[in-house]
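Residues per chain, in single letters:
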Amino acid sequence: MQESEGEKRVQAWRAAANEVAQRGEASPAVLRLVHGMLADLGVQTHLADVNAQLSARHMARAQNAEAAAGYDGMTGLLSKEGLQRAFAVEAAQQQRHPDRPASAMVVCDKDRFKMVNDTYGHSVGDDLIRHIGNILRPPQPGGGQAHNLLRAGDKAARFGGDEFVLILSEVGEDNAAKMVPLLQERIQREKPFTFVDEKTGKKVSLPVKISMGLAMFTAPTSGEAPEDALLRICKQADAALYDNKGARRDQEIASKPLPERLRHQLRSAIIRLANKL
């Protein structure tokens, strides 16, 4: 039996809707228009499912575009590539004006981040990464000093996983050394991470404890590429971070009741002995 004109129109619109949904090249508004016309013709559609698929594709494309532009798709901070460019600019500025205070790099990571992932799930871990990104975001130009002590000229980047990097522009070594512990203390005191545990339905509030390692900018050595200079300073800051993390854990152990402290000390002694065997 030959199809009517109306049936042909329905088939054409249905094919168009499927194509834009599969290719992800239409906005949700356009897609709603297409499905509205199909509904007027009495055709049942699954708009919610298609919209969800399309939104996911748009989000993935947006994150890819942000990465290409030097920004991290999860936090909106600089990406590793964006950090490299920011470092090159800062290092060049430092070389042109050696009389100005030195800039500093601070490597940061969340203490016991794996425990959060393992206990509450990766979606909560992702939300925690976004929360830390918001905490470390410097203020916009003209916005004054942020709650976290950073200034408009400073830079923040997500280096990967739960590791972040700050560039403190022309801060000076003494000020940088004072700023890091103040920043750690203020973040832990004022910016807890709050969420609802899906398993229990209860509200959970976790302090954001971040270890930090500081290294001052030094000029690239003769023939050293900017990315190699960045890596060198990052390694120095990373070593300082692990010293800071160890000191913080020792401080936590020292604050525990005596029996628990003795258990920790005994365990450490056993581990050291086993390593020698």
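Residues numbered from 1 in each chain as written. Predicted model: local features only at pLDDT ≥ 70, side-chain atom pairs only at ≥ 80, totals over all residues. Heavy atoms only, no water.

**Some thoughts on the side chain of Lys110**
Relative to the assigned elements, Lys110 resides in strand S1 (residues 104-110). Lacking a salt bridge, the buried Lys110 has Asp111 as its closest oppositely charged neighbour, with an N-O distance of 6.5 Å. When sequence neighbours within four positions are dropped, the list of residues in contact with Lys110 reads Leu128, Ile132, Asp162, Pro207, Val208, Lys209 and Lys245. (Helix = DSSP H or I, 4+ residues; strand = E, 2+ residues; numbered from the N terminus. Buried < 20%, exposed > 50% of the residue type's maximum accessible area, 1.4 Å probe, protein only. Lys, Arg positive; Asp, Glu negative; His and termini not counted. Salt bridge = Lys/Arg side-chain N within 4 Å of Asp/Glu carboxyl O. Contact = heavy atoms within 4.5 Å.)

**Overview of helix H4 (residues 80-96)**
Relative to the 24 Å expected for 17 residues at 1.5 Å per residue, H4 spans 24 Å between its end C-alpha atoms, a close match to the ideal helical length. For H4, the complete set of buried residues consists of Gly82, Leu83, Ala86, Phe87, Glu90, Ala91 and Gln94. Along the long axis of H4, the arc covered by the buried residues comes to 165°, so they all point the same way. Residues Val89 and Arg96 are exposed on H4 and point more than 90 degrees away from its buried face. (Expected span 1.5 Å × (residues − 1). Arc of directions from axis to C-beta.)

**What to know about helix H7 (residues 173-190)**
Under the 1.5 Å per step criterion, the end-to-end length of H7 is 26 Å for 18 residues, consistent within 8% with the ideal 26 Å. Looking at H7, one finds that the buried residues are Ala176, Met179, Val180, Leu183, Gln184 and Ile187.

**Focus: the pairing of strand S6 (residues 210-216)**
Looking along a regular strand, one sees side chains alternate from face to face of the sheet. Counted residue by residue, S6 has six buried out of seven residues, so it is predominantly covered. Two strands pair when backbone bridges link them, and S1 and S6 are joined in this way by seven bridges, in the antiparallel orientation. Across the sheet, the residue bridging to Ala104 is Met216, located in S6. (Pairing = 2+ DSSP bridges.)

**Topic: unusual backbone geometry**
If a residue is not glycine, its phi is most likely negative; likewise, a peptide bond is most likely trans. Located in the positive-phi region is Arg112, a residue other than glycine, with phi close to 55°. Note that Arg112 resides in the loop between S1 and helix H5 (113-120). Owing to a relative accessible area of 37%, Arg112 belongs among the partly exposed residues under this scheme. Its identity as a non-glycine residue notwithstanding, Glu170 has a phi of 45°, on the positive side. Residue placement: Glu170 occurs in the loop between strand S3 (163-168) and H7. For Glu170, a relative accessible area of 28% puts it in the partly exposed group.

**What about the nonpolar core?**
Ranked by internal contacts, the top residues of the largest apolar core, which has 31 residues, are Leu166, Leu168, Ile187 and Met212. For this core, the element with the most residues is helix H6 (residues 122-136), which contributes six residues. In contact with Leu166, other than residues within four places in its own chain, are Ala104, Met105, Val106, Cys108, Leu136, Leu150, Lys155, Ala156 and Leu183. If you look at the next biggest cluster of nonpolar residues, it comprises 18 residues, including Ala91, Ala215, Leu230 and Ala237. (Core = buried A, V, L, I, M, F, W, Y, C linked by side-chain atoms within 4.5 Å.)

**Re the sheet that holds S6**
On the basis of which strands lie adjacent, the open sheet formed by four strands has the order S2-S3-S1-S6 and antiparallel pairing. Unpaired on one side and paired on the other, strand S2 (155-160) and S6 mark the two borders of the sheet. Taken pair by pair, the neighbouring strands of this sheet meet at an average axis angle of 20°, ignoring direction. Packing against the sheet, H6 makes contact with S1, S2, S3 and S6, and its axis sits at approximately 5° to S3. (Axes fitted to C-alpha atoms, helices over the stretch in contact; angles between N-to-C directions.)

**Focus on the side chain of Ser211**
Mapped onto the elements, Ser211 comes out in strand S6. The buried category is assigned to Ser211, whose relative accessible area is 0%. Of note is the side chain of Ser211, whose polar atom sits 2.6 Å from the side chain of Asp111. (Polar contact = N/O pair within 3.5 Å; in protein donor to acceptor, adjacent residues only side chain to side chain.)

So yeah, pure geometry; function would need other evidence.
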